Amino acid sequence: VQLVESGGGPVQAGGSLRLSCFGYGRSFSDYLMGWFRQAPGKGREFVAVSTWGGTRAVYSDSVKGRFVVSRNITEAMVNLQMNNLQPGDTAVYYCAASPGPLSESPGDYHYWGQGTQVTVSS
């Protein structure tokens with residue numbers, strides 16, 4: 001079972017990036033799929049999660065109104081559209097999957113991607 005992220009890179013403040021994550025090796029239709037991030041010297045931080053049917057999304061306060069998570073259940077894919085990026089958003093972004101219940105704790109997520117770097121310059 002594997003989660004593979006793509007779409008990171010450098011961007012200037014105020015710009016946008018779109019991250020994608022594909023799940024391989026099992027069906028993820030009965031899993032939450034979401035995103036975390038980790039900045040240098042800091043712990044892994046919840047960003048956003050899409051629920052099982054993709055009908056509900058939960059966001060951290062730091063990204064609410066700027067980031068949008070979307071999901072394609074059939075293709076086991078979850079995306080993160082990041083708008084109005086700021087230097088404080090610089091981090092390695094990780095895709096993760098959990099069987100539930102709905103949680104913002106990294107310890108409740110069973111599967112993780114390898115991470116993709118997002119660097120926002122001022």
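Just so we're clear, the structure is a prediction, and the values are computed from it rather than from any experiment.

Taken in spatial order, the four strands line up as S1-S3-S8-S7 in an open sheet, and their pairing is antiparallel. Each edge of the sheet is formed by a strand with only one pairing partner; in this case those strands are strand S1 (2–6) and strand S7 (67–72). Neighbour-to-neighbour, the strand axes of this sheet turn through a mean angle of 15°, independent of strand direction. Pairing of S7 with strand S8 (residues 77–82), which is carried by six bridges, proceeds in the antiparallel orientation. Along S8, the bridge assignment pairs Val69 with Leu80.

With that settled, consider unusual backbone geometry. Omega for the bond connecting Gly100 with Pro101 falls within 30 degrees of zero, at 0°, which places this linkage in the cis form. Examined against the element boundaries, Pro101 turns out to sit in the loop between strand S9 (91–98) and strand S10 (111–112). Of note in this structure, Asn84 is not a glycine but carries a positive phi near 50°. Looking at the secondary structure, you find Asn84 in the loop between S8 and S9.

Conventions and cut-offs
- Residues numbered from 1 in each chain as written.
- Predicted model: local features only at pLDDT ≥ 70, side-chain atom pairs only at ≥ 80, totals over all residues.
- Heavy atoms only, no water.
- Pairing = 2+ DSSP bridges.
- Helix = DSSP H or I, 4+ residues; strand = E, 2+ residues; numbered from the N terminus.
- Axes fitted to C-alpha atoms, helices over the stretch in contact; angles between N-to-C directions.

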